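Commentary on secondary and tertiary structure
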Amino acid sequence: MSATTTISTTGTITADNVSTLFPDVNPSLALSVLPTNGHASARGAAELDGYDEEQVRLMDEVCIVLDENDRPIGSASKKTCHLMTNIDKGLLHRAFSVFLFDSKKRLLLQQRATEKITFPDMWTNTCCSHPLGIPGETGAELDAAILGVKRAAQRKLNHELGIKPEQVPLDKFEFLTRIHYKAPSDGKWGEHEIDYILFIQSDVDVDVNLNEVRDTRYVTADELKQMFEQPDLKFTPWFKLICHSMLFEWWSHLGTATLGKYKGEKEIRRM
Ligand SMILES: C=C(C)CCOP(=O)(O)OP(=O)(O)O
Ligand SMILES: [Mg+2]
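Residue positions are counted from 1 within each chain, in the order its sequence is given. Here every chain gets a letter starting at A, and every ligand a number starting at 1, in the order they are written. For this predicted model, a pLDDT threshold of at least 70 governs which residues receive local features, and a threshold of 80 or more governs which side-chain atom pairs are given and counted, while totals over whole chains, interfaces and linings are taken from all residues. By convention in this description, side-chain values take in all heavy atoms of the structure and omit both hydrogens and water.

Brief notes about the overall build of the protein chain
Runs of E in the DSSP output that reach at least two residues are strands. Runs of H or I that reach at least four are helices, and both are numbered from the N terminus. Helix and strand counts for the protein chain stand at seven helices and 10 strands. Here the globule rule reads 2.2 Å times residues to the power 0.38, and the radius of gyration is calculated from C-alpha atoms. Compactness check: the protein chain gives a C-alpha radius of gyration of 18 Å against a globular reference of 18 Å for 271 residues, within 12% of the reference. Once the C-alpha set of the protein chain is aligned to its principal axes, its extents read approximately 50 × 40 × 35 Å. When accessible area is computed with a 1.4 Å probe and restricted to protein chains, residues below 20% of their type maximum are described as buried, those above 50% as exposed, and intermediate ones as partly exposed. Burial statistics for the protein chain: of 271 residues in total, 53% are counted as buried.

Description of the packing of aromatic side chains
Remark: the centre distance and the inter-plane angle together describe each pair of aromatic rings, the angle taken between the planes. We call Phe, Tyr and Trp rings a pair once their centres come within 6.5 Å, taking the six-membered ring for Trp, and we label the pair stacked below 30 degrees between planes, edge-to-face above 60, and tilted otherwise. Counted under the stated rule, the structure contains 13 aromatic pairs. Relative to Trp238, the ring of Phe119 has its centre 5.2 Å away and its plane inclined at 90°; by these criteria the two rings are edge-to-face. With a gap of 119 residues between them, Phe119 in the loop between strand 4 (107-112) and strand 5 (123-124) and Trp238 in helix 7 (residues 237-252) connect regions that are remote in the sequence. Here Phe119 and Trp238 have matching classes, each one buried.

Observations concerning helix 5 (residues 142-161)
In this analysis, the expected span of each helix is defined as 1.5 Å times one less than the number of residues it contains. An ideal rise of 1.5 Å per residue puts 28 Å on 20 residues; helix 5 measures up with 27 Å between its terminal C-alpha atoms. Of the residues flanking the end of helix 5, it is Gly162, one or two places downstream, whose phi is positive at about 65°.

Notes on the coordination of the magnesium ion (ligand 2)
With distances of 2.1 to 2.2 Å, the protein atoms coordinating the magnesium ion (ligand 2) are Cys128 (O) and Glu160 (OE). Of this pair, Cys128 sits in strand 6 (residues 127-129) while Glu160 sits in helix 5, placing them 32 residues apart in sequence. For the pair Cys128 and Glu160, one class covers both residues: buried. Donor atoms (N, O, S) are those found within 2.8 Å of the metal centre, with the cutoff raised to 3.2 Å for Na, K and Ca; water is not part of the atom list, so apparent gaps in a site can occur.

None of this, on its own, says anything about what the molecule does.
Next up, the structure:
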């Protein structure tokens, strides 16, 4: 099942109680890619038995734990942040979603690799991931946070799709808005994120990392709408949310000054 669920913003998780509620959360932003808080690595953890070795290794990445207003209140491993047992108790982290268009205004889609632990084999936007607890990616105020996710986006476009950073310079990314959503993947794993939406228009050379990405495809808006009609294709819940709300409107303004009215939204959209 991959439907999204309604967000409740109860305001109960704060910097003061986060590590009491979640022993695996470090109440400071550890500037490290090593496992947080002295806890064991994801490697060898029973929950990750049977998954792809490289994807298990990446579960040790350090995500930024947030309160519901997108203020960083700690850090925790990617594994901790994506376990539904923690998500069901309100654990929330920061993420980004890149929509990369070529000069013909076609959107680059990816189909996630079968090896992915969450949402395998689903079609989605160009690239998604998380800014990490590493220097340059952990901004607290909105402007610094936006710069942090742009750096993370450049890093992951290279990791997942082999796109060279020079082809996606930081100043070409446009920040549109943030969406707060929650979605189970398969019962054990899921997402609960504040997701920064980034647009970029650039002609790039793609050289996919097959451990991350199974397939790619450039589509026009009409072609994407046709893909949604195909019953055999599955799409990630966040991509469906964005497509069914703002994507086609934003896309219609791509490359024109009128996109400006959608950029830099301060309010977090709860979806
Ligand atoms: C869902 C969003 C927006 C972020 C998670 O993306 P991924 O599941 O692709 O994260 P990585 O494995 O690439 O870090
Ligand atoms: Mg990804």
